[in-house]
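Survey of secondary and tertiary structure
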Amino acid sequence: MRNRAAFFGVFTALALILSYVETLIPINFGIPGAKLGLANLVTVIVLYKTDWKEALLLSAVRVVLAGFIFGSLFSILYSLAGAILSLSAMALLKKTGLFSTAGVSIAGGVSHNMGQLIVAMLVVETYQVGYYLPALLAAGTATGLLIGIVSQGVLKRIQSLHFT
Amino acid sequence: MKKNDWLLAAGIILAAVLILAFQLVQDDGGQKEVAVTVDGEEFGRYSLAEDQRIDIGGTNLLVIENGEAKMEWADCPDQICVNHRAVSRDGESIICLPNKVAVSVCGGDEPELDGVAR
């Protein structure tokens, strides 16, 4: 238990680094808001190794810090909505026990995009952004699947480590 | 990977395809124009048929060329709207969030009704 803060710090740093690495990858999906979601890797792993409360706190801290360093106040708003919705979906799906890491991560990726789209609708006060819905659904599935498979690989290798 | 994972992925992709198909069906290919809104309020409507350059409140520059609208310049830091590809299909839009500018393509005429229930 006394290591909790230390592990939390390490994971926050790792998530921040992944957020930074992501800004270096020049992939443009042609859709605003679509990105790989590398930092979600850490969220998924923490969700599986500890509990959803820890993962939620980590996402929130990561989003706010990454927003101040690499983004703007707007990007914090979007990412926060996405992160909270994403984590809720992942925690629920994980609890059902019906899905493996990949399924949980797919739900996370898709709901992250949904959260951002909802905020975009509220900010711009137009429903036209719904046009991106299919593209964002597909992108969320693809990136979520990728992150899920990688998470599974990592989790398999760190089975003996305990972070609480 | 469990079977449920694939079912979930397939379900989401299916939903995406259905929504896309629905959007494509709604596109009737008629005379189009772009509606520009700033902070939720209408700034103006411009026909896609004629080439023109529109200065949106000094923060964004919209260029209409060959029936497509493109954000040529914006003073925002992220430049997402500038990097966005040109839009021409009904319902497509370019959004500049920092400046709260939204450019969306819509059919020029009021949408025709299939029928009205009285």
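Structural notes, computed from the coordinates.

So, on to the pattern of salt bridges. A side chain with one charge may pair with a side chain of the opposite charge, provided their charged atoms come close. For the structure shown, the criterion picks out five salt bridges over all chains. Between Glu54 of chain A and Arg4 of chain A there is a salt bridge, and its shortest N-O distance comes to 2.9 Å. Note that Glu54 of chain A is positioned in helix H3 (residues 52-70) and Arg4 of chain A in helix H1 (residues 4-24), a separation of 50 residues in sequence. Judged by relative accessible area, which is 9%, Glu54 of chain A ranks as buried. Among the residues examined, Arg4 of chain A registers a relative accessible area of 34% and is labelled partly exposed. Here the residues in one salt-bridge network are Glu33, Glu42 and Arg45 of chain B, joined through shared partners.

Here we come to the interface of chain A and chain B. In this complex, chain A contributes 31 residues to the contact, which on the side of chain B involves 30 residues. Contact between chain A and chain B buries roughly 2600 Å² in total, counting both sides, with carbon and sulfur atoms accounting for 66%. In this assembly, chain A and chain B are joined by zero salt bridges. If you look at where chain A meets chain B, you find three residue pairs in polar contact (both at pLDDT 80 or more).

In contact at an axis separation of 8 Å, helix H5 (residues 101-124) of chain A and helix H1 (residues 3-26) of chain B are set at 25 degrees when each is read in the N-to-C sense. In this view, H5 of chain A runs roughly parallel relative to H1 of chain B, as classed from their interaxial angle. Of the two elements, H5 of chain A crosses H1 of chain B, and the hand of that crossing is left-handed. Side by side, H5 of chain A and H1 of chain B meet where Ala102, Gly103, Ile106, Ala107 and Val110 of chain A of the first sit next to Asp5, Leu8, Ala9 and Ile12 of chain B of the second. Of the residues that constitute the contact of H5 of chain A with H1 of chain B, the class distribution is seven nonpolar, one polar and one charged.

Turning our eyes to something else, we now look at the nonpolar core. Of all hydrophobic cores here, the largest spans 24 residues; its most connected members are Phe11, Leu18, Val42, Val46, Leu58, Met90 and Val104 of chain A. Those elements giving two or more residues to this core turn out to be H1, helix H2 (40-49), H3, helix H4 (73-96), H5 and helix H6 (133-157) of chain A. It is H2 of chain A that contributes the most residues to this core, six residues altogether. In contact with Phe11 of chain A, not counting residues within four places along its chain, are Val42, Val46, Leu58 and Phe163 of chain A. Ile56, Ile94, Cys96 and Val101 of chain B belong to the second-largest nonpolar core, a separate cluster that totals 20 residues.

A surface patch of like charges, here negative, comprises Glu50, Asp51, Glu65 and Glu72 of chain B. Relative to the assigned elements, Glu65 of chain B resides in strand S4 (residues 60-65).

Here we come to a nonpolar patch on the surface. All names here are of chain A. The grouping of Ile17, Tyr20, Val21, Leu24, Ile25, Val64, Leu65, Phe68, Ile69, Phe70 and Leu73 at the surface amounts to a nonpolar patch, some 1000 Å² of accessible area in total. Among the secondary structure elements, those contributing two or more residues to the nonpolar patch are H1 and H3. Inspection of the secondary structure assignment puts Val21 in helix H1.

Here the focus is the sheet that holds S4 of chain B. Residues and elements named next belong to chain B. Pairing within the open sheet is antiparallel, and its three strands lie in the order S3-S4-S5. With one partner strand each, in any of the chains shown, strand S3 (52-56) and strand S5 (68-74) form the two edges of the open sheet. Taken pair by pair, the neighbouring strands of this sheet meet at an average axis angle of 25 degrees, ignoring direction. When S3 meets S4, the two strands line up antiparallel, connected through five bridges.

Attention now moves to the packing of aromatic side chains. Centre-to-centre distance and the angle between the planes together describe a pair of aromatic rings. In this structure the tally under the stated criterion is one aromatic pair over all chains. Note that Lys94 of chain A overlies the ring of Tyr48 of chain A, its terminal NZ or CZ placed 5.3 Å from the centroid.

Attention now goes to the pairing of strand S2 (residues 41-47) of chain B. Residue and element names in this part refer to chain B. The sheet contact formed by strand S1 (residues 32-38) and S2 spans six bridges and is antiparallel. Each residue of the ladder has a partner; that of Ala35, found in S2, is Arg45. Adjacent in sequence and paired antiparallel, S1 and S2 are bridged by two residues, among which Asp39 carries a positive phi angle near 55 degrees.

Phi is mostly negative for residues that are not glycine, and the peptide bonds are mostly trans. Residues and elements named next belong to chain B. Located in the positive-phi region is Asp39, a residue other than glycine, with phi close to 55 degrees. Here Asp39 shows up in the loop between S1 and S2. Not every positive phi belongs to a glycine, and Lys100 is a case in point at roughly 55 degrees. Relative to the helices and strands, Lys100 resides in the loop between strand S6 (93-96) and strand S7 (101-107). The exposure class of Lys100 is partly exposed, given its relative accessible area of 31%.

The rules behind each value
Residue numbers here run from 1 along each chain, matching the order of that chain's written sequence. Both sets of labels track the order of writing: A upward for chains, 1 upward for ligands. Whole-chain, interface and lining totals are the exception, using all residues; otherwise, since this is a predicted model, local features are given only for residues with pLDDT of at least 70 and side-chain atom pairs are given and counted only at 80 or more. Remark: hydrogens and water are excluded; side-chain values derive from all non-hydrogen atoms of the structure. What makes a salt bridge here is a side-chain nitrogen of Lys or Arg within 4 Å of a carboxyl oxygen of Asp or Glu, nothing more. In this text, helices come from DSSP runs of H or I with a minimum length of four residues, and strands from runs of E with a minimum of two, each type numbered from the N-terminal end. In this scheme, a residue with accessible area under 20% of its type's maximum is buried, one over 50% is exposed, and one in between is partly exposed, where area comes from a 1.4 Å probe on protein chains only. Contacts were defined at the residue level, with two residues in contact if any of their heavy atoms lie within 4.5 Å. The term buried area denotes the loss of accessible surface (1.4 Å probe radius) that occurs when two parts are joined, taken as the sum for both partners. What qualifies as a polar contact is a pair of N or O atoms within 3.5 Å, subject to a donor-acceptor requirement within protein and to the restriction that residues adjacent in sequence count only when both atoms come from side chains. Convention adopted: a line fitted to C-alpha atoms gives each axis, helices being fitted over their contacting stretch, and angles between N-to-C directions are expressed from 0 to 180 degrees. When an angle is under 35 degrees it counts as roughly parallel; over 145 it counts as roughly antiparallel; between 65 and 115 it counts as roughly perpendicular; any other value is oblique. Handedness of a crossing is defined here by the sense of rotation of the near helix relative to the far one, left-handed for an anticlockwise turn of less than a right angle and right-handed for a clockwise turn. Note on residue categories: nonpolar means Ala, Val, Leu, Ile, Met, Phe, Trp, Tyr, Cys or Pro, charged means Asp, Glu, Lys or Arg, and polar means any other residue, Gly included. Among the buried residues, those of types Ala, Val, Leu, Ile, Met, Phe, Trp, Tyr and Cys that are joined through side-chain atoms within 4.5 Å form a nonpolar core. Patch criteria: residues need more than 30% relative accessible area and no salt bridge. Like-charged residues are merged within 9 Å; nonpolar side chains of Val, Leu, Ile, Met, Phe, Trp and Tyr are merged within 5 Å. Exposure was quantified through the Shrake-Rupley algorithm and a 1.4 Å probe, taking into account, for residues, occlusion by the shown protein chains and nothing else. This count recognises Lys and Arg as positive and Asp and Glu as negative, with His and chain-terminal groups excluded. The atoms used to mark charge sites are NZ of Lys, CZ of Arg, CG of Asp and CD of Glu. Two strands qualify as a pair provided that DSSP identifies no fewer than 2 bridges between them. Only Phe, Tyr and Trp rings take part, Trp by its six-membered ring, and two of them pair if their centres are within 6.5 Å. Stacked means planes under 30 degrees apart, edge-to-face means over 60, and tilted covers everything else. Only when the NZ of Lys or the CZ of Arg is both within 6 Å of the ring centre and within 35 degrees of the ring normal is a charge said to sit over the ring.

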